[in-house]
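Below are the chains, spelled out letter by letter.
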Number of protein chains: 2
Amino acid sequence: MDERVLLTGAEGRVGRAVLGGIGDAYEWRLFDRDPPAEEHDHEFVVADVTDDEAVRDAMADVDVVVHLAGDPRPEAPWNSVLTNNIDGTQTVYEAAVETGVETVVFASSNHAVGHYETERKPDLYRTDDDYRLDGTELPRPSNLYGVSKAAGETLGRYYHDEHDLSVACVRIGNLTKGHPPIDYERGQAMWLSYRDCAHLFERCIEADYGYEIVYGISDNDRKYYSLERAKDVLGYDPQDNSAEYTMAGEPKSDV
Amino acid sequence: MDERVLLTGAEGRVGRAVLGGIGDAYEWRLFDRDPPAEEHDHEFVVADVTDDEAVRDAMADVDVVVHLAGDPRPEAPWNSVLTNNIDGTQTVYEAAVETGVETVVFASSNHAVGHYETERKPDLYRTDDDYRLDGTELPRPSNLYGVSKAAGETLGRYYHDEHDLSVACVRIGNLTKGHPPIDYERGQAMWLSYRDCAHLFERCIEADYGYEIVYGISDNDRKYYSLERAKDVLGYDPQDNSAEYTMAGEPKSDV
């Protein structure tokens, strides 16, 4: 457990969920374009993920990179995702190979496959619909942000096949703190609780794999993403389920 | 047959094969970064495919875009394929939507899936191996050029799903004039003759489809790419087969 992990985009929402859950489990080096909003117990590098040299320097003595940095807005314009997400992710993979990092965990997104929902919604958000995406399907992005995430997955496939880098791509669902989205079936179908998020990234840091695409959601009754691969290969064992919350956002009673 | 077709990358090898075969069948507008090496009978625009305004202007009154432009080198560096292939292809799709073009035919590449060969070569190049890729598989690029072509396919999926653009992605094999590569099993497996190339692009211009990924090869005995989708959806009817050529590059006798 003395592994050194570089976390890019540490100041974003996923970064906070990860550090909140497993911040004490590793020797973290945090990396973000913006200086930290609060004091951290960890080393912190302020630099841009498209800066080759800064990214290489930040990988010194690093075993695993958790790469979250990028423009997180589903509506982000092309020029931003081209630079920050596609070029930035290539920079990370390339630096990982050059510096001898073993594993890159890449934050992909449900938006890489959002258009599979078009012909089936809202049925696929319901518990009686057994439609599942399992990570073997071709991308069908719902926006240019989703295109950029699919490109990051394909880059990972290349760096795995060509350079033997271990790569896990996590298609993150709807990460919200405390409880699932209210009155939003899609959000409940792809809810990811903070603790399941931290646990899933811990499994991505710990498990042995070559190249994986997994879905990052809690074990929601409404799910249309398969969790089989995350469970089988990574040992993911989600604790939460959006169905356990009432529409008011409070946990249901145990009765 | 009075359709107006914009051909980007017209001066490249694929462009020449297309124009050599179906140059009289459409009203072409040719587009290339370089001025024409020889006189053309068609309108010719000299501009870069990353120039939004030039690309939009070139699409005026165009029905179909055949998009071949890009850095064609398998060994091309990242910065070049990021700009010329990924950004350039997004520019083409975006302009197509803005100007009301109905169909974009995108020149993808065998390099988008080159790493499927790694564990199976050279067996999969042999006629007794029935392994087939059919276009439903996730990309496994053999280089960053292949990554850029896979990204162009994913962009096409998005522009189809979101904007109802018809998009055909042709994973072009090994296009050589006259006869297949000699002493090169892989090249014989994915050979595409000039006449089959022109015919396949003619089918992509004529057929009705939504979004397709097809393989662009002749009907080679050695093939490990399925032609079913190209035949079924596009009406592709290839005439050539690399097995009909001796190792000396001459057609076999009919005996």
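Residues numbered from 1 in each chain as written. Chains lettered and ligands numbered in written order. Predicted model: local features only at pLDDT ≥ 70, side-chain atom pairs only at ≥ 80, totals over all residues. Heavy atoms only, no water.

**Q** Go over the environment of Arg140(B), please, and point to the residues and values.
**A** Residue and element names in this part refer to chain B. Along the chain, the position of arginine 140 falls in the loop between β5 (103–109) and α4 (144–163). Residue arginine 140 is classed as buried on the basis of its relative accessible area of 9%. Distance from arginine 140 to histidine 115, taken between C-alpha atoms, is 5.2 Å for residues 25 residues apart in sequence. Within polar-contact distance, the side chain of arginine 140 engages the side chain of glutamate 119 at 3.2 Å. (Helix = DSSP H or I, 4+ residues; strand = E, 2+ residues; numbered from the N terminus. Buried < 20%, exposed > 50% of the residue type's maximum accessible area, 1.4 Å probe, protein only. Polar contact = N/O pair within 3.5 Å; in protein donor to acceptor, adjacent residues only side chain to side chain.)

**Q** Let's hear about the interface of chain A and chain B: which residues, and what values?
**A** Opposite the 26 residues of chain A that make contact, chain B presents 26 residues. Carbon and sulfur atoms make up 69% of the area that chain A and chain B hide from each other, which totals about 2300 Å². Three residues stand out in chain A for area buried against chain B, namely Trp78(A), Leu138(A) and Tyr158(A), and they jointly supply 23% of the buried area on that side. Between the two partners, chain A and chain B, sit two salt bridges. The partner of Asp161(B) in a salt bridge is Arg140(A), with the nearest N and O atoms 2.8 Å apart. Where chain A meets chain B, there are eight residue pairs in polar contact (both at pLDDT 80 or more). (Contact = heavy atoms within 4.5 Å. Buried area = accessible area lost by both parts, 1.4 Å probe. Salt bridge = Lys/Arg side-chain N within 4 Å of Asp/Glu carboxyl O.)

**Q** For α4(B), give the residues involved together with the corresponding values.
**A** Residues and elements named next belong to chain B. When the terminal C-alpha atoms of α4 are compared, their 28 Å separation across 20 residues agrees well with the 28 Å that a helix rising 1.5 Å per residue should span. Judged by how many residues are buried, α4 sits mostly within the fold: 18 of 20 residues are covered. Residue aspartate 164 follows α4 closely and has a positive phi angle near 65°. (Expected span 1.5 Å × (residues − 1).)

**Q** So what's going on with the side chain of His115(B)? Residues and values would help.
**A** Inspection of the secondary structure assignment puts His115(B) in the loop between β5 and α4. A polar atom in the side chain of His115(B) sits 2.6 Å from the side chain of Glu162(A). Filtering out sequence-adjacent residues up to four positions away, His115(B) remains in contact with Asp161(A), Glu162(A), Arg140(B), Pro141(B) and Ser142(B).

**Q** Explain the UniProt feature "binding site: NAD(+)" (unreviewed entry) in chain A to me, using residue names and the numbers behind them.
**A** Residues and elements named next belong to chain A. Per the UniProt record, "binding site: NAD(+)" (unreviewed entry) is found at Asn84, Ser109, Tyr145 and Lys149. Mapped onto the elements of the fold, tyrosine 145 is located in helix α4 (residues 144–163). Those residues within four positions of tyrosine 145 in sequence are excluded, and the remaining contacts are Asp71, Pro72, Arg73, Pro74, Val81, Asn85, Ser109 and His111. Mapped onto the secondary structure, lysine 149 falls in helix α4. In this structure the side chain of lysine 149 is engaged in a polar contact, spanning 2.9 Å, whose partner is the backbone oxygen of alanine 107. (UniProt positions renumbered as here; feature names shortened; annotations may be inferred.)

**Q** So what's going on with the relation of the copies chain A and chain B? Residues and values would help.
**A** Overlaying chain A on chain B yields an RMSD of 0.0 Å, the required transformation being a rotation through 180° with an accompanying axial translation of 0.0 Å. Given the turn and translation reported, the copies of this chain are related as if by a two-fold rotation axis. A shared interface surface links the copies, since 100% of the contact residues of chain A are contact residues in chain B too. (Least-squares fit on C-alpha atoms with pLDDT ≥ 70 in both.)

**Q** Help me get a handle on the packing of α4(A) against α4(B), residues and values and all.
**A** In the contact formed by α4(A) and α4(B), the axes pass within 9 Å of each other and the chain directions differ by 150°. In terms of orientation, α4(A) and α4(B) fall into the roughly antiparallel class. Crossing of α4(A) against α4(B): the hand is right-handed. The segment α4(A) lies against α4(B), with Leu144(A), Val147(A), Ala150(A), Thr154(A), Leu155(A), Tyr158(A) and Tyr159(A) engaging Leu144(B), Val147(B), Ala150(B), Thr154(B), Leu155(B), Tyr158(B) and Tyr159(B). Across the contact of α4(A) with α4(B), the residue classes tally to 12 nonpolar, two polar and no charged. (Axes fitted to C-alpha atoms, helices over the stretch in contact; angles between N-to-C directions. Parallel < 35°, antiparallel > 145°, perpendicular 65-115°, else oblique. Left-handed = near helix turned anticlockwise from the far one by under 90°. Nonpolar A, V, L, I, M, F, W, Y, C, P; charged D, E, K, R; others polar.)

**Q** Got a sec to walk through the pattern of salt bridges? Specific residues and values, please.
**A** All names here are of chain A. Throughout the structure, instances matching the rule amount to 40 salt bridges over all chains. Glutamate 117 is the salt-bridge partner of arginine 186, the closest N and O atoms lying 2.6 Å from each other. Residue arginine 186 is found in helix α5 (residues 185–189), and its partner glutamate 117 is found in the loop between β5 (103–109) and α4; the two are separated by 69 residues along the sequence. Note that arginine 120 is salt-bridged to aspartate 129, the shortest N-O span being 3.4 Å.

**Q** Give a description of the pairing of strand β6 (residues 166–172) of chain A that names residues and reports values.
**A** Residue and element names in this part refer to chain A. Counting buried residues along β6, seven of its seven residues qualify, which places the element largely inside the surrounding structure. Covered by surrounding structure in β6 are Ser166, Ala168, Val170 and Ile172 together with Val167, Cys169 and Arg171, the residues of both alternating faces. In terms of strand pairing, β5 meets β6 through seven bridges, oriented parallel. Within β6, the residue paired with serine 109 across the bridge is isoleucine 172. In this region the chain leaves β5, passes through α4 and returns to the parallel neighbour β6; the handedness of that crossover is right-handed. (Pairing = 2+ DSSP bridges. Right-handed = clockwise from strand over helix to strand, strands pointing away.)

**Q** Break down the UniProt feature "active site" (unreviewed entry) in chain A for me, citing the residues and quoting the values.
**A** Within this structure's numbering, the places UniProt gives as "active site" (unreviewed entry) are Tyr145(A). Tyr145(A) gets classed as buried once you look at its relative accessible area, which sits at 9%.

**Q** Break down the sheet that holds strand β3 (residues 43–46) of chain A for me, citing the residues and quoting the values.
**A** Residues and elements named next belong to chain A. Overall, parallel pairing links the seven strands, which are arranged β3-β2-β1-β4-β5-β6-β9 in an open sheet. If you trace the sheet from one side to the other, it starts and ends with β3 and β9 (211–216), each paired once. For this sheet, the mean inter-axis angle between neighbouring strands, taken without regard to orientation, is 20°. Note that strand β2 (residues 27–32) and β3 share four bridges and pair parallel. Bridged to phenylalanine 31 within β3 is valine 45. Sheet strands touched by helix α3 (residues 78–99): β4 (64–67), β5 and β6. Its angle to β5, the strand with the most contacts, is close to 165°. Most of the contacts of helix α6 (residues 194–206) go to β6, to which it runs at about 165°, and overall it touches β1 (4–8), β2, β4, β5, β6 and β9.

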